[in-house]
Amino acid sequence: MTTPALLPLSGRRIPPLNLGPPSFPHHRATLRLSEKFILLLILSAFITLCFGAFFFLPDSSKHKRFDLGLEDVLIPHVDAGKGAKNPGVFLIHGPDEHRHREEEERLRNKIRADHEKALEEAKEKLRKSKEEIRAEIQTEKNKVVQEMKIKENKPLPPVPIPNLVGISGGDPEDNDIREKREKIKEMMKHAWDNYRTYGWGHNELRPIARKGHSTNIFGSSQMGATIVDALDTLYIMGLHDEFLDGQRWIEDNLDFSVNSEVSVFEVNIRFIGGLLAAYYLSGEEIFKIKAVQLAEKLLPAFNTPTGIPWAMVNLKSGVGRNWGWASAGSSILAEFGTLHMEFVHLSYLTGDLVYYKKVMHIRKLLQKMDRPNGLYPNYLNPRTGRWGQYHTSVGGLGDSFYEYLLKAWLMSDKTDHEARKMYDDAIEAIEKHLIKKSRGGLIFIGEWKNGHLEKKMGHLACFAGGMFALGADGSRTDKAGHYLELGAEIARTCHESYDRTALKLGPESFKFDGAVEAVAVRQAEKYYILRPEVIETYWYLWRFTHDPRYRQWGWEAALAIEKYCRVSGGFSGVKDVYSSTPTHDDVQQSFFLALFKSFEDVSIGKQNKNSCLPDFTF
C-alpha cells in the first residue's frame, strides 16, 4: 500500500504512468525530502500566524468588539483619561469632545438600526422582478425631475427695476444719420434672420455652410448663445417680433441641467449678462429666472482651496477644471475677474448674498497679494493662491478685469471706493510699465513678460481707449484731462491698425518693432473675427467729446464689415485683413450681434445727455 499524498491530486503535478516493471518497491517507511520540506513550511506558517495574532491584534480595551455592524469601527470606545473625575464616564473621540456613555450607546443603536433597515430593504428588492425594479427607478427619476422643476419655478422676491432713460426715442432729424441708422438695422436683420433660418437654437452660425456652429467654451449642448447675446440689441433697435421669438425659445428650450462642460467666464458675460440686460429692458421675469438658474450651476466652480473659480465647470456634475495651457493649470485674471457686476446684480435680484460673497472674496484675496511692479499677472493658481507666469496684458487674459473694477465703481453710484482704488492703482502701474510711444508717435499698450516689455498690442486691448475715457471723471489728482487724452491716443492707434490693412479691418494683434508699426507680422495674427473693441472705443470717445472723427471712423468700419464680411447666409470673419481677396472663416460669432448696439441711435437731440443707451449713429 502506498503512502498517502500530502496534497490532493488536484494540486499536484501527476507524472505520466510507467507501464514497465517497477524499479523499487511501492511500500516505504520514510518521507521523501520534498515532502518533509512542504510539511515544515506549513508548520512554520502556522506558528507565525499564532505569534502574529498574539502580538499584533488590537487591545480589546481600546475596541470592545468588532462585528459586522461596523459601529465600533465608526465609534471606537475610549477609556476615561487618567485623573478623570468620573471614571464611569467615557470619551468617544478624544479629550476635546465631552460626550457621555449614553450618547455613545445612542449612536451605536442608530447605526445598528440603520444597518438592519438596509438589510431588510435589500432583501425586499431581491424578491422583486426586474420589471418592478425598473419601474421603481423610473418613478424615483420622475420624482427628482418634478422636485427640480418646483425649485426652478420658485418665485424670486420682487425688486424695483431701474428706470432706464432713452430706450424709446424718435428718429434723428438729420437725413444722412437716419439713413445710416437704417443701414445698420438692416445689417442686424440680415445676421439675425439667417441665424433664425439656418442655426436656430445652436450657439452660433456658419453662414457659408448654412448650419449651426459651436465651440468648446459652450460645451456640447445647444444653448442658443446667439439668441441670448442679441436680445438687448433687438430690443433697443425696436425689433420686437424678433425679440419675442428669442424670448419664446428661451422660455421653452433653454435648459442648464445638461451634461456639458462650459466656460464660467463666457457663459457669465454672454448668458447671465445677456439675460439680465434683457430683464432690465423688458421686465420679463423669465429672463431673471433663467439667469439665476444658470448662476446656481456655476457656483460649484468656486469650490477650490482658495475660492478662485475654475475656468470650466460641468453644469450637471459641478466638476471643475482649468485650461491645460494656462500656466500649469492656473485660473485666468480676465476670467475670474469678470464676474463681479453680474453676481452683484444676482444678489440684488434674489436677496441671496452668496453671489456677492463669492466675488468679494476674490477681490479681498487679490488685495492681499503682492504684485510685481504693481502689475496683476494674468495667471493665478486656485490651489496654492500663488501667481503663475509673470505675464501682464491689458489685452487677452487680462482686459475685462480692469474694466469691471471701473464699472463696479460706476454701478455703485461711485460709492465702491475699494474698486476705484484698485482700478487707479492698476492703471498707474500699467501706464508706467506697459504704455509706450512708438518711433512714429503712436501710443500703444505692450505686454509684460517675465521682466521685459513685448511691443505688441492686441485687438482686445483696444477697448482700453474707451475705458480710459470712461474712467477719466473721478481719477486722482485732477488727471481727468490726461486720461481722456490717453483714451483718444489709444483710439488713434487702433484706427491706424485698421487703416493700414487692405480691408480697413483690424488684425488680431499688431507689432511696434523698428519700421513696423500697427501692423501684424505673423500670419496667425492677421485675422479678424468680427470683434467689437475698436468700435466700442470709438463710441465712448464720441460720447465724451462729440468729435465727428469717431463717427466717421465707425462708419468706415461698418462699410468694411458690410463689404468684406457679409455673405448670403450672414456675416463671417476673414482670415487675412491684408489680402484684397480675403478668405472667410465661416463663423458668425454670437457677440457680433451685440456689436450693433455701438452703431444704433435710439434717441435724438438733447435727450441723449441723459440716455444710458447708445446714441452713436454714423
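Residues numbered from 1 in each chain as written. Predicted model: local features only at pLDDT ≥ 70, side-chain atom pairs only at ≥ 80, totals over all residues. Heavy atoms only, no water.

S.K.: Help me understand the UniProt feature "active site" (unreviewed entry) in the protein in this model?
M.R.: Under the local residue numbering, the UniProt record ascribes the feature "active site" (unreviewed entry) to Glu 266, Asp 399, Glu 508 and Glu 533. Tracing the backbone through its elements, the reader meets Asp 399 in helix α13 (residues 399-411). Beyond its immediate chain neighbours, meaning those up to four positions away, Asp 399 contacts Ala 334, Ser 393, Val 394, Leu 460 and Phe 463. Mapping Glu 533 onto the fold places it in helix α17 (residues 533-545). Glu 533 has contacts with His 459, Leu 460, Cys 462 and Phe 463, leaving out every residue within four places of it along the chain. Looking at Glu 533, its side chain comes within polar contact range of the side chain of His 459, at 3.1 Å. (UniProt positions renumbered as here; feature names shortened; annotations may be inferred. Helix = DSSP H or I, 4+ residues; strand = E, 2+ residues; numbered from the N terminus. Contact = heavy atoms within 4.5 Å. Polar contact = N/O pair within 3.5 Å; in protein donor to acceptor, adjacent residues only side chain to side chain.)

S.K.: Just to check I follow, could you spell out the side chain of Asp 586 for this structure?
M.R.: Within the fold, Asp 586 resides in the loop between β17 (570-571) and α19 (592-595). Relative accessible area serves as the criterion here: at 9%, Asp 586 is assigned to the buried category. In this structure the side chain of Asp 586 is engaged in a polar contact, spanning 3.5 Å, whose partner is the side chain of Arg 206. Separated by 2.6 Å, the side chain of Asp 586 and the backbone nitrogen of Ile 208 make a polar contact. Excluding residues within four positions of it along the chain, Asp 586 makes contact with Leu 205, Arg 206, Pro 207, Ile 208, Ala 209, Ser 572 and Gly 573. (Buried < 20%, exposed > 50% of the residue type's maximum accessible area, 1.4 Å probe, protein only.)

S.K.: What should I look at first to understand the nonpolar core in this one?
M.R.: Of all hydrophobic cores here, the largest spans 133 residues; its most connected members are Met 457, Phe 468 and Ile 561. Broken down by element, the residue count for this core peaks at 10 residues, all from helix α8 (residues 264-282). Discounting chain neighbours no more than four positions away, the residues touching Phe 468 are Tyr 423, Ile 427, Ile 435, Ile 445, Tyr 483, Leu 486, Gly 487 and Ile 490. The next biggest cluster of nonpolar side chains, apart from the first, holds 6 residues, and it includes Ala 311, Met 312, Trp 323 and Ala 326. (Core = buried A, V, L, I, M, F, W, Y, C linked by side-chain atoms within 4.5 Å.)

S.K.: Is there a simple way to explain the sheet that holds strand β3 (residues 261-263) in this structure?
M.R.: By way of backbone hydrogen bonds, the strands of a sheet pair with one another, either parallel or antiparallel. On the basis of which strands lie adjacent, the open sheet formed by 3 strands has the order β3-β4-β5 and antiparallel pairing. With one partner strand each, in any of the chains shown, β3 and β5 (320-321) form the two edges of the open sheet. By the bridge criterion, 3 bridges tie β3 to strand β4 (residues 312-314) in an arrangement that is antiparallel. Within the sheet, the bridge partner assigned to Ser 263 lies in β4 and is Met 312. The sheet contacts of α8 involve β3 and β4, and relative to β3 the element is tilted by about 70°. (Pairing = 2+ DSSP bridges. Axes fitted to C-alpha atoms, helices over the stretch in contact; angles between N-to-C directions.)

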